[in-house]
Amino acid sequence: MEIADEIKRRRTFAIISHPDAGKTTLTEKLLLYGGAVQLAGSVTARKNQRATTSDWMELEKKRGISISSTVLQFDYDSYRINLLDTPGHKDFSEDTYRVLTAVDSVVMVIDSAKGIEPQTRKLFEVCRQRGVPIFTFMNKCDRPMKNPLELLDELERVLGIGAFPVNWPIGNGFEFQGVYDRQTKLMHLFERTVGGQFRAPVEVGGLHDEIVRGRLDDTTFHKTVEELEMLEHAGHEWDDAAVLAEKTTPVFFGSASNNFGVQLLLDGFLKHSPPPKSRLMAGVEIAPENPAFSGFIFKIQANMDPKHRDRIAFIRVCSGKFERDMSVHHSCSEKKVRLSSSHKLFGNERETVDEAFPGDVIGLVGHDAFGIGDTLTTDPKIVYKEIPRFTPEAFSYLHNPNTAKFKQFRQGLEQLLQEGVIQALYLRNSPVKTPLLAAVGPLQFEVVQFRLESEYGAESRLESAPWTVVRWLPLSFLETDLDALVLPTGARIAYDMGRNPVILFENEWSANYFSQTNAKVPLSSLPLGIKSV
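Q: Report on the overall build of the protein, specifying residues and quantitative values.
A: Secondary structure summary: the protein contains 14 helices and 30 strands in total. Out of the 533 residues belonging to the protein, those deemed buried represent 59%. The long-range fraction of contacts in the protein, counting pairs at least 24 apart against all pairs at least 6 apart in sequence, stands at 70%. Carbon and sulfur atoms provide 51% of the accessible area of the protein, an area that totals close to 22800 Å².

Here is the structure:
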C-alpha cells in the first residue's frame with residue numbers, strides 16, 4: 001500500500017518554451033506559490049535583487065539565461081513535486097530532450113504577444129513523440145498580447161492539438177487585471193506587487209458580484225462576457241482522457257512576472273496531470289508498482305558543489321522503492337553497486353534522502369562509472385533505452401595556453417565531457433592531440449570555457465574548425481580500410497572518445513559527394529545502434 005500511495009501523489013514534470021517566453025520566471029513563481037521559497041527571484045533581476053533558485057550556475061546569473069536543466073523537489077498540498085527547469089536556448093536542446101525522457105507531463109509556456117515560436121514547436125513535437133501530456137500557460141498577458149481567441153486557434157492550427165481554456169484573461173496589456181475560472185465560474189482579480197517577489201493580493205467573486213463589477217469598466221466587462229459566452233457555444237469540452245491522450249491541452253492565462261494566475265495553474269495542473277506511468281522496455285511494460293527497483297540516469301552534472309569538486313548523476317526512479325545503501329545492478333559495467341550517497345535536490349542545494357519512489361528524481365554522488373542512459377536496478381533483466389543522442393553541428397579546437405595548468409585543464413575537460421553535452425574528437429594522424437570539441441550549438445563551447453576557468457582554474461582558447469558535418473564509419477573498419485578511403489577536399493578522418501572512426505566534412509554537399517563516390521561505405525549520423533532524434 002505504501003508504494004501505491006506514494007506513486008499516486010507524485011508529479012514529475014518539466015517546463016518548456018522558446019527562449020525569453022518566461023519559463024524560468026514561471027518556475028520561480030511556482031516555487032513561491034508552492035511554499036518552497038519565500039521570496040521569488042527574476043532571471044533579469046537587478047544585481048542587488050535575489051537570483052533565481054533554478055539558475056544556480058554563475059554563467060546563468062551573468063547571461064540571464066538558463067543553460068543547465070535543474071531539478072527542484074518540494075511538497076505542496078499532499079503532492080510530492082519533481083519540477084525540472086530546462087534550458088530554452090536551442091544550443092542546449094540535448095539537455096532539454098534528455099529531461100523530457102524523465103518526466104510524465106510538461107507545462108508549455110507561450111509568450112502571448114508572440115504566439116508559438118520555432119523552439120516551442122520543436123519541443124512540442126518531441127513531447128508528442130514521447131506521448132507526454134501538455135498543459136499550456138499563456139504568459140505575459142500584462143503586456144500587449146494577441147487576441148486570446150487567436151492564440152487558441154494558433155494552438156489548434158499550428159500544433160494540431162485541441163485547446164481548452166481553463167481560465168480566461170480579463171483585460172489586455174496594462175489593463176490586464178486577472179482571469180475568470182471557467183470551471184468554478186469565479187473571477188480572480190489581482191493586484192501587482194513590487195517586482196512580483198510576493199504573492200499577488202487577489203479578490204475573488206462571481207461575474208456579477210459588486211466587488212468584481214466595481215473594478216471593471218463597462219468595455220472590459222461586456223467584452224469579457226461576450227467572449228465567455230462564445231467559448232461556451234464553441235470549443236472543446238473538458239475531458240481528462242483527451243488531456244492524458246495528448247489530444248487536448250488545458251490552457252491557462254496569466255503573468256508569471258506579476259504572479260497573476262500562477263496559483264490557478266499550479267492547482268489545476270496538479271489536479272489533472274498524471275502520476276508516474278509505466279515504461280516500455282523492448283515491448284515489455286514495467287509498471288511503477290513493479291517490486292523491483294529500477295531507474296535510469298538522464299543527466300550528469302559536475303561541480304554543483306564547487307567546494308567538493310564532485311559529480312552528481314540524476315536518476316529518474318521508474319519502479320519499486322529506492323533505499324539508501326541498497327545494492328543495485330549497473331547495466332553498463334554489469335557490476336553490483338552500493339548506492340550510499342543519495343540526495344534530494346533543490347537547484348544546487350541538496351540533502352540526504354533515505355528513500356524514494358517512482359516519479360522521484362534523486363542525485364547520486366561518488367560513482368565515476370555512471371554514464372548518461374545507464375540503468376540501475378535490482379532486476380538485471382530491466383534495461384531502459386530512453387536517452388536519445390544528437391549529431392553535432394558545431395566544431396572548435398580547444399587549446400590549453402598555460403602548460404602549467406595542464407592537469408587542471410585535462411581533469412576539467414574530462415569531467416565536463418562526462419556530462420554528455422559536448423563531445424571530443426581527435427584527428428587521425430595528427431601530431432598534436434588537441435581536442436576538437438563537437439556540440440549541437442556554439443554557445444556550449446562558451447559554457448565549457450567559462451566552467452573550465454571558474455571551476456577548475458584552467459584558461460583555454462577556442463579556435464574555430466572548418467567542418468560542419470560529422471558522419472560515423474562502421475565500427476568494423478580497420479586502419480587499412482581508413483587508409484584506402486579517398487576523401488573530398490577539406491574532409492578529415494577522426495576518432496570519437498570510444499575510438500569509433502568518423503569523417504568530418506566542410507558541408508552537406510561534401511558528405512553527399514563522398515556517399516555517391518563511395519557507395520559501398522555506409523555512413524551514419526551517429527555511431528551505429530544509437531537512437532537519434
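There is more to say after this.
Q: Hey, could you go over the pattern of salt bridges for me, with residue numbers and the actual values?
A: Oppositely charged side chains can pair when the atoms bearing their charge come close. By the definition in use, this model includes 23 salt bridges. The partner of D360 in a salt bridge is R10, with the nearest N and O atoms 2.9 Å apart. Here the residue D360 occupies a position in the loop between β21 (355-356) and β22 (361-365), and R10 occupies one in strand β1 (residues 10-17), the gap between them amounting to 350 residues. For the pair D360 and R10, one class covers both residues: buried. In this structure, R130 engages E386 in a salt bridge whose closest nitrogen and oxygen atoms are separated by 2.6 Å. One end of the pair, R130, is in helix α5 (residues 118-130); the other, E386, is in the loop between β23 (375-377) and β24 (394-399), with 256 residues separating them in the sequence. Each of E6, R9, R10 and D360 takes part in a single network of salt bridges with overlapping partners.

Q: An account of the packing of helix α2 (residues 23-33) against helix α10 (residues 262-272) is needed here, citing residue identities and associated values.
A: Packing of α2 against α10 brings their axes to within 9 Å, and their N-to-C directions diverge by 80 degrees. As far as their axial angle goes, α10 and α2 are roughly perpendicular. Contacts between α2 and α10 involve L26, K29, L30 and Y33 on the former and, on the latter, V262, Q263, L265 and L266. Within the contact of α2 with α10, the residues separate by chemical class into 6 nonpolar, 1 polar and 1 charged.

Q: Break down the sheet that holds strand β27 (residues 461-464) for me, with residues and values.
A: Reading across from one edge, β27-β24-β26-β25-β29-β30-β28 is the order of the 7 strands in this open sheet, with antiparallel pairing throughout. With partners counted over all chains shown, the strands left at the sheet margins are β27 and β28 (469-472), one partner each. Between one strand axis and the next, the sheet turns by 40 degrees as a mean value, whatever way the strands run. Relative to strand β26 (residues 436-439), strand β25 (residues 423-427) is paired through 3 bridges, and the arrangement is antiparallel. If you follow L425 over to β26, its bridge partner there is L436. Helix-sheet contacts for helix α12 (residues 443-456) involve β24, β26 and β27, and the interaxial angle to β24 is about 20 degrees. Contacts between helix α14 (residues 508-517) and the sheet are confined to β28 and β30 (501-505), with β30 contributing the most and set at about 125 degrees to the helix.

Conventions adopted
Residues numbered from 1 in each chain as written. Predicted model: local features only at pLDDT ≥ 70, side-chain atom pairs only at ≥ 80, totals over all residues. Heavy atoms only, no water. Helix = DSSP H or I, 4+ residues; strand = E, 2+ residues; numbered from the N terminus. Buried < 20%, exposed > 50% of the residue type's maximum accessible area, 1.4 Å probe, protein only. Contact = heavy atoms within 4.5 Å. Areas by Shrake-Rupley, 256 points an atom, 1.4 Å probe, with all protein chains shown as cover. Salt bridge = Lys/Arg side-chain N within 4 Å of Asp/Glu carboxyl O. Axes fitted to C-alpha atoms, helices over the stretch in contact; angles between N-to-C directions. Parallel < 35°, antiparallel > 145°, perpendicular 65-115°, else oblique. Nonpolar A, V, L, I, M, F, W, Y, C, P; charged D, E, K, R; others polar. Pairing = 2+ DSSP bridges.

Honestly, it's all geometry; don't read function into it.
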